[in-house]
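Structural features, examined
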Amino acid sequence: MNLQHRLSGKRVVMTAAGQGIGRACAERMAAEGATVIATDINPDLMADLNAVGGIEARVLNVLDGAAVTALAQDLGAVDVLFNCAGIVHSGDILNTSEDEWDFAFELNAKAQFRMIKAFLPAMLAGGGGSIINMSSVAGPITGPASRLAYSASKAAVAGMTRAIATDYVTQGIRCNSICPGTINSPSLHQRLRETGDYDSALIEFIGRQPMARIGEPEEVAALVAYLASDESNFTTGQEHIIDGGWTA
Ligand code: NAD
């Protein structure tokens, strides 16, 4: 299989393409021949993305329902929808406010619901497609400390994914979630800095990894490209764990 052509002819729309896992996924899918409409809330992070062959960068705040609807109407049918946007909230139940809980669910779960609702009708009319939702091992697979709202919202993603997979399996729609462990992204480094002791926090994160390293965004991108491609045509409704054996 020539990976340079695996996604040829496919039109992808995705969120949070500005940095980290999302950017690596946009670049990987474009490298495999897809046309990628790569969106992010932050235009500065996408300033150089239009120069990448196969990528069209657009500003989109996934919390803005009108903007999501407008984008879906503008783009029409896509073959792949990758919902990547999300944020990590720290805290256990006693130090998580209702506002933090609500925001975690708004961004990590409801925004995916909104994107799918907006894009699914044209995908169905176009004969089907692959929906990939960013979850995490935190929530559906394991319960790391101090990740109450994050884990709950990422578990919701896994549940929503299975429901959509079942409801549309006969209409050509596949819907899978991906569950990364700890991945080397800008937000990870921000979380490490926020602990007040970056080096110790990094050692602690690596310490729970049987491979003695955290994952790279490009490794997650390889999984996303597979789920976007027809090579995964018999796969739907599953949580795809990519965590270096952390939860094995
Ligand atoms: P990151 O946090 O470094 O970047 C997030 C991107 O999302 C940024 O480009 C930001 O501008 C964009 N964004 C934020 N709010 C947005 C909004 N309202 N609308 C559109 N875009 C918005 O990225 P990351 O660490 O690579 O994480 C990406 C996704 O992967 C998240 O859903 C995260 O929960 C998930 N994830 C990350 C890890 C990890 O260890 N890094 C592990 C498991 C899951």
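Structure: above.
Residues numbered from 1 in each chain as written. Predicted model: local features only at pLDDT ≥ 70, side-chain atom pairs only at ≥ 80, totals over all residues. Heavy atoms only, no water.

Let us look at the environment of Ile-164. The residue Ile-164 is located in helix H4 (residues 148-168) in this model. For Ile-164, a relative accessible area of 12% translates into the label buried. Residues Ile-164 and Gly-65, 99 residues apart in the sequence, show an inter-C-alpha distance of 20 Å. Apart from residues lying up to four places away in sequence, Ile-164 is in contact with Ile-116, Ile-131 and Cys-175. (Helix = DSSP H or I, 4+ residues; strand = E, 2+ residues; numbered from the N terminus. Buried < 20%, exposed > 50% of the residue type's maximum accessible area, 1.4 Å probe, protein only. Contact = heavy atoms within 4.5 Å.)

What follows deals with the layout of surface pockets. Over the atoms rolls a probe the size of a water molecule, and its path tells where empty space is left. Considering only enclosed or pocket space, the second largest pocket measures out at about 250 Å³ in volume. Within the residue set of the lining of the second largest pocket, elements represented by two or more residues are strand E5 (129-134) and strand E6 (173-180). Partitioning the lining of the second largest pocket into residue classes produces five nonpolar, seven polar and four charged. (1 Å grid on protein atoms, 1.4 Å probe; cavity = no way out; pocket = protein on both sides within 12 Å on 5 of 7 lines; lining within 4 Å. Points joined across faces, edges and corners; volume = space filled by probe spheres on them. Nonpolar A, V, L, I, M, F, W, Y, C, P; charged D, E, K, R; others polar.)

Turning our eyes to something else, we now look at the pairing of strand E4 (residues 80-83). The two faces of E4 match: Val-80 and Phe-82 on one face and Leu-81 and Asn-83 on the other face are all buried. With three bridges connecting them, strand E1 (residues 11-14) and E4 associate as parallel partners. Each bridged residue has a counterpart across the sheet, and for Met-14 the counterpart in E4 is Phe-82. The parallel pair E4 and E5, bridged by helix H3 (residues 98-125), forms a crossover whose chirality is right-handed. (Pairing = 2+ DSSP bridges. Right-handed = clockwise from strand over helix to strand, strands pointing away.)

Turning our attention to the site of the ligand. Taken together, 30 residues sit near the ligand, with Ile-21, Asp-40, Cys-84, Ser-185 and Ser-187 positioned nearest. A distance of 2.6 Å is found between an oxygen atom of the ligand and a side-chain nitrogen or oxygen belonging to Asp-40. Within the side chain of Lys-154, a nitrogen or oxygen atom sits 3.0 Å from an oxygen atom of the ligand. Computed on the free molecule, the ligand has an accessible area of 830 Å², of which 91% lies beneath the protein chains in the complex. Looking at the shell around the ligand, the elements with two or more residues in it are helix H1 (20-31), H4 and helix H5 (186-194). In terms of residue count, H5 provides more of the shell around the ligand than any other element does, three residues in total. Class assignment of the residues belonging to the shell around the ligand gives a composition of 15 nonpolar, twelve polar and three charged. (Near = heavy atom within 4 Å. Polar contact = N/O pair within 3.5 Å; in protein donor to acceptor, adjacent residues only side chain to side chain. Areas by Shrake-Rupley, 256 points an atom, 1.4 Å probe, with all protein chains shown as cover.)

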